[in-house]
Amino acid sequence: MDAVILAAGNSTRFGENKLLYLLDGKPVYRYMLELLYQKQKEHRLRHIVLVSQYEQILNDVVQHFKGVQAVRNPKPEQGISSSLRLGLACLLRQEQEDKKAEAPCSLAPGACLFAVADQPGFTALSLEKLLDFWQSHSYGIVAAGMTKNRADPSSGTDTKHSPVMKNPVIFSAQYYHELLGITGDAGGKQVIRRHWEDTGICSLPAADLDDLDTKEALRRFRQRSLLAREFPFLRQSGHVISIVGAGGKTTLMETLAAYCADFGKTSVITTTTRIMRPKKYPTAQTKEQLASFLKQYPIVAAGADAPEGKLRMPEQMSVSDYQKAADFVWIEADGAKHLPCKAPIGTEPVIPKESDIVLGVAGMDALDMPLGEVCFRKEKAMALLGVCESHRMTEQDLAQILISEQGTRKDVGSRAYYIVLNKCDDAKLLERAESIKELLLRAGTEHVACISCIQGSIAQ
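Residues numbered from 1 in each chain as written. Predicted model: local features only at pLDDT ≥ 70, side-chain atom pairs only at ≥ 80, totals over all residues. Heavy atoms only, no water.

Engineer: Mind showing me how you'd approach the state of the cysteines here?
Structural biologist: Here the structure, examined in full by the defined rule, presents 1 disulfide. Note that Cys341 is cross-linked by a disulfide to Cys375, the S-S spacing being 2.5 Å. One disulfide, between Cys341 and Cys375, carries an S-S torsion of -85° and so falls in the left-handed class. Here Cys375 lies in strand S20 (residues 375–376) and Cys341 lies in strand S18 (residues 341–342), a separation of 34 residues in the sequence. Cys375 sits in the buried class, given a relative accessible area of 3%. With no disulfide of its own, Cys388 has Cys375 as its nearest cysteine by sulfur position, at a separation of 12 Å. (Disulfide = S-S within 2.5 Å. Helix = DSSP H or I, 4+ residues; strand = E, 2+ residues; numbered from the N terminus. Buried < 20%, exposed > 50% of the residue type's maximum accessible area, 1.4 Å probe, protein only.)

Engineer: Which parts of the structure should I look at to understand the sheet that holds strand S13 (residues 283–284)?
Structural biologist: Working definition: the strands of a sheet are paired by backbone hydrogen bonds and lie parallel or antiparallel to each other. Spatially, the 8 strands line up as an open sheet ordered S13-S14-S11-S17-S10-S19-S21-S22, and their pairing is parallel. Strands at the two margins of the open sheet, each flanked by one partner only, are S13 and strand S22 (447–450). Here strand S10 (residues 239–245) pairs with strand S19 (residues 357–363) via 5 bridges, running parallel. Directly across from Ile241, in S19, lies its bridge partner Ile357. Running over the sheet, helix H13 (residues 395–403) touches S19 and strand S21 (416–422) and is turned about 160° from S19. (Pairing = 2+ DSSP bridges. Contact = heavy atoms within 4.5 Å. Axes fitted to C-alpha atoms, helices over the stretch in contact; angles between N-to-C directions.)

Engineer: It is not clear to me how the pattern of salt bridges should be interpreted in this structure. Could you clarify?
Structural biologist: Side chains that differ in sign of charge can pair as their charged atoms come close. Applying the stated criterion across every chain yields a total of 31 salt bridges. Taken together, the shared-partner salt bridges connect Asp210, Glu216, Arg219, Arg220, Arg224 and Asp262 into one network. (Salt bridge = Lys/Arg side-chain N within 4 Å of Asp/Glu carboxyl O.)

Engineer: What exactly am I supposed to notice about the layout of surface pockets here?
Structural biologist: Any empty space left between the atoms is revealed when a probe the size of a water molecule rolls over them. Roughly 960 Å³ of internal volume is contained in the largest pocket. Lining the largest pocket are 36 residues, and of these Ile80, Val116, Asp118, Asp185 and Asp213 lie nearest its centre. Mapped by element, the contributors of at least two residues to the lining of the largest pocket are strand S1 (2–7), helix H3 (80–101), strand S6 (111–116), strand S8 (162–172) and helix H6 (189–194). Ranked by the residues each element gives to the lining of the largest pocket, the list is headed by S8, at 5 residues. Partitioned by chemical class, the residues of the lining of the largest pocket number 17 nonpolar, 11 polar and 8 charged. What the second largest pocket holds in volume is close to 760 Å³. Thr250, Arg274, Glu332, Lys337 and His338 are, among the 32 residues lining the second largest pocket, the residues nearest its centre. Counting residues per element, the ones that place at least two in the lining of the second largest pocket are helix H8 (249–262) and strand S12 (275–276). Looking at the lining of the second largest pocket element by element, the count peaks at 5 residues for H8. For the lining of the second largest pocket, the per-class residue count stands at 11 nonpolar, 8 polar and 13 charged. (1 Å grid on protein atoms, 1.4 Å probe; cavity = no way out; pocket = protein on both sides within 12 Å on 5 of 7 lines; lining within 4 Å. Points joined across faces, edges and corners; volume = space filled by probe spheres on them. Nonpolar A, V, L, I, M, F, W, Y, C, P; charged D, E, K, R; others polar.)

Below is the structure:
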């Protein structure tokens, strides 16, 4: 199989050249290029062609990617089809040269993978899945895709099982003639529409398929990178995570569950105390409802109705039931009356025995405020810190509450413990959070995240 990388776009919606935009010190186009180049070295791909209008990209290919053909697109305004035709024509010329030279090759030409250069989140695992799907099916066309299953159940709109076709796309050689005749900005979709019955969709995680078309897409990419770095267990499965403390536990829980959904993982969100009933997720009160909802939605709330529109732990289900049904279980195991810090009483928190990870949360908006105004269970906090109610909270105070077994670390035991310094909403608060992090690390804490988590958006 051969590959063509399309890297000639004008980045109109992004506002600047997105392909040259640096992500973690590396230009965007390099993510897909390096991924496919590695597969070529592993002999999963034969020839690779990159098509671009940008000198910097073309020169980089020539200098650092031996064997990859760099092709200039002098008329990118003609749309993606112009790059597709140029890349495919180059491959066909290369094939003719191979035949003339009688060059030995263990890989049959038979097909071409067309990839775009603005999918920095596309992973080696997804590429392998796509290639394996191609080899194990008899379709003449295979596209990466995802199933739209994130409809709001309250909207009455059923979008489950509706395939969304994305890049990369693999075309067998039988379609090369049609591909060479396409025009405009629709690219290979023109051919796919004519041959839908011969097209297979390989379902991949939504996060891998995000195009970096806008600054909002850039924000999502950075958010995912931040979460993957701070919470490495998110790329695994089978965890039961209890969230304790104060300062944004519910928002953090929903944000982490949404991250898992973007990577194809299912989550149950619930409580061992009381939480407001989530409006954007279906709520299951029985095991039968839970199983049914998880077939349709990646995130499902679980609980029984409680006063004031809240949920509590249901009698019909247990944490082990949640664990069997979903990839992740997220449990709000503490209450704080919307205050940014807390010192628990004897019956708190309520961490179930199945929980293997605990997230201890505190809000940076507690700093410099009188303890009596920002600490839930203020008497316990006063006793723990040895201060009075009017004492203004310092970095040292917050660190002591978070690390103390009479504070946020209460009943954690041998479980993995992650401290989350939330609401780092500006540069000054982030700087102060980093100071707290240093205190916690010196005291022996292994995992400390400094973030700003607001309504599903998270940043550092």
